[in-house]
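Structural overview for review
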Amino acid sequence: MTTETDIKIIKAQTSKLKNVNIENVPFGKYFTDHMLEADYENGEWKNVVIKPYQSLTFDPSMASLHYGQAIFEGIKAYKDPNGNPFIFRPIDNFKRFNVSAERMQMPTVPEEIFMDGMHKLIALDKDWIPAMQDHSLYIRPFMFSTDHLIGVRPSDTYKFMIILSPTGPYYNVPMKIYVEEKYTRAAPGGVGFSKNAGNYGGSMYATALARKHGYDQVLWTDAFEHKTLQEVGTMNVFFIIGNTAVTPSLEDGTILAGVTRDSAITILKEMGLNIEERKITVDELMEAHKSGNLKEVFGTGTAATISLIKELKYKDYTMQFNIDEWKVSKELKNRIDNIRYGKVADDYGWMYKV
Ligand SMILES: *Cc1c(COP(=O)(O)O)cnc(C)c1O
């Protein structure tokens, strides 16, 4: 049992909702009427408040801007056919947030603030959840260091916030992917498993180069040989080889443990596929492609759910796929969506009622 936290609520005078068509918005551009804010000072969390969405002011020396103690999460809320709001697997994101916090030498956030705060914030802004297929309310919890001191050490003060953004389909077009052979996202012992801002900053150069050559994203490979496959862009990756779904295992800490990845594993099992979480190399992938066993390739993540990959390029070898023939990834997306939009029974306890 958690105790009821003292969360102060200051309501917005007017709603901005009438100015935004929430069924036709670009990802991450519009924010709801309220936000949650909490401060960590003298070893404890305080000043937990839900208030009108507004700018922050900070000192130019604020530590997170210089040394990157900044972590985040991405979660989605949906409406069921009766218009009741639900959040998809938020406890898993809460736990992962605190794993990221520990790795970045930041304080953990108590469940009362993260979960009850999110619950109350969404209850207040529930009219912002679009009631439409492929639409949802994106929830962005984040934390950053706030000491005003440009000395390299963990900050003594932090701010935890949650903001909300209505969203439609994200990457809805099948992607062309470049298998990265020079740049690295994560190495064992590093921070690849934590959802910290710097992982994104560090990935942008290689992604921009791939874009210049006509690809949408890169498929990250290991830091030593650039052979072992890790993730695709900011998504986990799955390969359907014969009747087996193969996805890179989490154990060397270079892979972000995606909630969608975990959901996909559960549903693919339900669909009768074998699941293998293990090391997989680009050489194995090319062999499977040459023998006709590589059936489908896709990325998984909260933003896009399932993103189909229609082409993979490694050195001079191109793997092209006829995605019109694909069944597994489309069925998987349908099954996950049906749970999220409350169209079928939630057998796994994934939906958290607001
Ligand atoms: C957030 C993220 C994912 C996807 O995680 P979900 O919980 O499924 O949204 C995958 N890879 C990286 C690097 C990420 O940051």
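Residues numbered from 1 in each chain as written. Predicted model: local features only at pLDDT ≥ 70, side-chain atom pairs only at ≥ 80, totals over all residues. Heavy atoms only, no water.

Neighbouring residues of the ligand: 14 residues in total, closest Lys195, Tyr200, Glu231, Thr260 and Thr302. Between the ligand and Glu231, the relevant distance is 2.5 Å, taken from a nitrogen atom to a side-chain nitrogen or oxygen of the residue. The separation between an oxygen atom of the ligand and a polar side-chain atom of Thr302 is 2.6 Å. Listing elements by their share of the shell around the ligand, those giving two or more residues are strand E12 (235-241) and helix H5 (259-270). (Near = heavy atom within 4 Å. Polar contact = N/O pair within 3.5 Å; in protein donor to acceptor, adjacent residues only side chain to side chain. Helix = DSSP H or I, 4+ residues; strand = E, 2+ residues; numbered from the N terminus.)

Moving on, we get to H5. In this model H5 runs 17 Å from its N-terminal to its C-terminal C-alpha over 12 residues, within 8% of the 16 Å that 1.5 Å per residue would give. All buried positions along H5 are accounted for by Val259, Thr260, Arg261, Ser263, Ala264, Ile265, Ile267 and Leu268. Gly272 sits one or two residues past H5 and shows a positive phi near 95 degrees. (Expected span 1.5 Å × (residues − 1). Buried < 20%, exposed > 50% of the residue type's maximum accessible area, 1.4 Å probe, protein only.)

It is worth spelling out the packing of H5 against helix H7 (residues 328-340) at this point. Look at H5 against H7: their axes get within 10 Å of each other, and the N-to-C directions meet at 110 degrees. On the basis of the axis angle, H5 is roughly perpendicular to H7. Between H5 and H7 the crossing geometry is right-handed. The segment H5 lies against H7, with Ser263, Ala264, Ile267, Leu268 and Glu270 engaging Val328, Leu332, Arg335, Ile336 and Ile339. Classifying every residue of the contact of H5 with H7 by side-chain character gives 7 nonpolar, 1 polar and 2 charged. (Axes fitted to C-alpha atoms, helices over the stretch in contact; angles between N-to-C directions. Parallel < 35°, antiparallel > 145°, perpendicular 65-115°, else oblique. Left-handed = near helix turned anticlockwise from the far one by under 90°. Contact = heavy atoms within 4.5 Å. Nonpolar A, V, L, I, M, F, W, Y, C, P; charged D, E, K, R; others polar.)

Looking now at empty space enclosed by the protein. The final tally for this structure, using the stated rule, is 2 cavities of 30 Å³ or more. Computed from the structure, the largest cavity encloses a volume of approximately 50 Å³. Along its surface, the largest cavity is lined by Gly74, Ile75, Lys76, Phe88, Arg89, Asn93, Val259, Thr260, Thr302 and Arg340. Breaking the lining of the largest cavity down by element, the ones donating at least two residues are strand E5 (75-79) and H5. Classifying every residue of the lining of the largest cavity by side-chain character gives 3 nonpolar, 4 polar and 3 charged. When residues of the lining of the largest cavity are sorted by domain, at least three fall in each of domain 1 (4-169) and domain 2 (175-332). The space that makes up the second largest cavity amounts to roughly 30 Å³. Every residue along the wall of the second largest cavity is listed here: Ala63, Tyr67, Asp147, Leu149, Gly151, Arg153, Pro154 and Ser155. Residues belonging to the lining of the second largest cavity are distributed by class as follows: 4 nonpolar, 2 polar and 2 charged. (1 Å grid on protein atoms, 1.4 Å probe; cavity = no way out; pocket = protein on both sides within 12 Å on 5 of 7 lines; lining within 4 Å. Points joined across faces, edges and corners; volume = space filled by probe spheres on them. Domains from an automatic or database assignment.)

A word on helix H6 (residues 282-290). Taken together, the buried positions of H6 are Val282, Leu285, Met286 and Ala288. Taken down its axis, H6 places every buried residue within 160 degrees of arc, on the same side. On its buried side, H6 packs onto strand E9 (175-179), strand E11 (229-232), E12, strand E15 (294-301), strand E16 (305-314) and strand E17 (317-320). Positive phi appears at Gly292, one or two residues downstream of H6, with a value of about 80 degrees. (Arc of directions from axis to C-beta.)

Attention now goes to the side chain of His226. Tracing the backbone through its elements, the reader meets His226 in the loop between strand E10 (217-221) and E11. Side-chain polar atoms of His226 contact the backbone oxygen of Lys182, separated by 3.2 Å. When sequence neighbours within four positions are dropped, the list of residues in contact with His226 reads Glu180, Glu181, Lys182, Tyr183, Thr184, Thr221 and Tyr314.

Relative to the helices and strands, His148 resides in the loop between strand E7 (136-145) and strand E8 (158-167). Look past the residues within four positions of His148 in its chain and what remains in contact with it is Asp59, Ser61 and Met62.

Here we come to the domain arrangement of the protein chain. Assigned domains within the protein chain: domain 1 (4-169) and domain 2 (175-332). In this structure, domain 1 and domain 2 have C-alpha centres spaced 28 Å apart. Each partner contributes to the interface: domain 1 provides 18 residues, whereas domain 2 provides 17 residues. When the two sides are added together, the surface that domain 1 and domain 2 hide from each other amounts to roughly 1400 Å², 61% of it contributed by carbon and sulfur. In terms of surface lost to domain 2, no three residues of domain 1 exceed Phe72, Arg96 and Arg103, which account for 42% of the buried area on that side. Inspection of the domain 1/domain 2 interface yields 1 salt bridge. A salt bridge links Asp262 to Arg89; the shortest N-O distance between them is 2.8 Å. Where domain 1 touches domain 2, the interface holds 10 residue pairs in polar contact (both at pLDDT 80 or more). Of all the elements in the fold, those that place two or more residues in the side of domain 1 that touches domain 2 are strand E4 (70-72), E5 and helix H2 (90-103). Here the side of domain 1 that touches domain 2 gets 6 residues from one element, more than from any other, and that element is H2. (Buried area = accessible area lost by both parts, 1.4 Å probe. Salt bridge = Lys/Arg side-chain N within 4 Å of Asp/Glu carboxyl O.)

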